Amino acid sequence: RKLCHAIAEHEYVKEEQVICTNGASELLYAFAAALKPKKALLLEPGFAEYEQALARSDCEIRYSRLCPENGFLPDVQQLCEQITLDTDLIFFCNPNNPTGHAISREQILQIAKRCEETGTWMVLDECFCDLLDHPEAYSAVSEAEHFPKLFILRAFTKTYAMAGLRLGYGICADRGLLRRLSAGRQPWSISVPAQEAGCAALRDS
């Protein structure tokens, strides 16, 4: 509770919108297990563990290719057209891993609005966002409450250089989903040292 409270204050969100896990990767697998999506959309190239998490759910994966001639940046309009009524889930990393390119918060919200229209869950991976020069121009955390189908994934791993302690968290307005994620994960997955390190890290500017 202390860690969730500290994260909520740091991110300016409600405490009940925060879930903590043993690294951000645990949330990827927990999300796929809780939702059991039938069809998902991934950007390619992208973080390999998205595909690995979905493989456990026997999910059909479609890809949106990032082209070198476009600087490996997504065509947001085209991506929105690829999000259809039968798309259960999209993983979107901003900035992208491995390309390092980011799109603006306005573009992210355009995708999030399309997901609301189609009933598609959008898992927005912002684990590298704080490493950008102006992260506030890219993060959608401040808008999370307005998009029930938006799940934002963050981690202490890169920002605070504490990868070995394994500490990640999610922010989402759907409290029912957060309860399902909590119920499906391994008990006591976050160590006390990781919790204390997280609280200490958030006090360090």
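Preceding this paragraph is the structure being described.
Right, let's walk through the structure included here. (Residues numbered from 1 in each chain as written. Predicted model: local features only at pLDDT ≥ 70, side-chain atom pairs only at ≥ 80, totals over all residues. Heavy atoms only, no water.)

**Describing the sheet that holds strand β2 (residues 39-44)**
Strand order across the open sheet formed by 7 strands is β1-β7-β6-β5-β4-β2-β3, with mixed pairing between neighbours. Two strands close off the open sheet at either side, each with one partner strand: β1 (18-21) and β3 (60-65). When the angles between neighbouring strand axes are averaged without regard to direction, this sheet yields 20°. In the packing of helix α1 (residues 2-11) onto the sheet, the strands contacted are β1, β6 (150-155) and β7 (168-172), and the crossing angle to β1 comes to about 125°. (Pairing = 2+ DSSP bridges. Helix = DSSP H or I, 4+ residues; strand = E, 2+ residues; numbered from the N terminus. Axes fitted to C-alpha atoms, helices over the stretch in contact; angles between N-to-C directions. Contact = heavy atoms within 4.5 Å.)

**Digging into the pattern of salt bridges**
Following the criterion strictly, the structure yields 9 salt bridges and no others. With its nearest N and O atoms 3.1 Å apart, the salt bridge here joins Asp 130 to Arg 154. Remark: Arg 154 occurs in strand β6 and Asp 130 occurs in the loop between β5 (121-125) and β6; sequence separation between them is 24 residues. Residue classification places Arg 154 among the buried positions, given a relative accessible area of 5%. Taken together, the shared-partner salt bridges connect Glu 11, Glu 126, Asp 130 and Arg 154 into one network. (Salt bridge = Lys/Arg side-chain N within 4 Å of Asp/Glu carboxyl O. Buried < 20%, exposed > 50% of the residue type's maximum accessible area, 1.4 Å probe, protein only.)

**So, the pairing of β7**
The buried count for β7 comes to 5 of 5 residues, which makes it a mostly enclosed element. Burial of β7 is two-sided: the residues Gly 168, Gly 170 and Cys 172 facing one way and the residues Tyr 169 and Ile 171 facing the other way are all buried. By the bridge criterion, 4 bridges tie β1 to β7 in an arrangement that is antiparallel. If you follow Ile 19 over to β7, its bridge partner there is Gly 170. Taken together, the 5 bridges between β6 and β7 define a ladder with antiparallel strand orientation. Its bridge partner being in β7, Phe 151 is matched across the sheet by Cys 172.

**Notes on the side chain of Glu 126**
Examined against the element boundaries, Glu 126 turns out to sit in the loop between β5 and β6. Judged by its relative accessible area of 1%, Glu 126 is buried. Side chain to side chain, Glu 126 and Ser 139 meet in a polar contact 2.8 Å long. A polar contact is formed between the side chain of Glu 126 and the backbone nitrogen of Ala 140, at a distance of 2.8 Å. Setting aside residues up to four positions removed in sequence, Glu 126 forms contacts with Asn 94, Tyr 138, Ser 139, Ala 140, Val 141, Ile 152, Leu 153 and Arg 154. (Polar contact = N/O pair within 3.5 Å; in protein donor to acceptor, adjacent residues only side chain to side chain.)

**Some thoughts on the state of the cysteines**
Note on terminology: disulfide describes a covalent bond linking the sulfur atoms of two cysteines. In total, this model carries 0 disulfides according to the counting rule given. Cys 115 provides the cysteine sulfur closest to Cys 59, a residue in no disulfide bond, and the two sulfurs are 14 Å apart. Cys 59 gets classed as buried once you look at its relative accessible area, which sits at 12%. The thiol of Cys 115 is unpaired, and the distance to the nearest cysteine sulfur, on Cys 80, comes to 7.5 Å. (Disulfide = S-S within 2.5 Å.)

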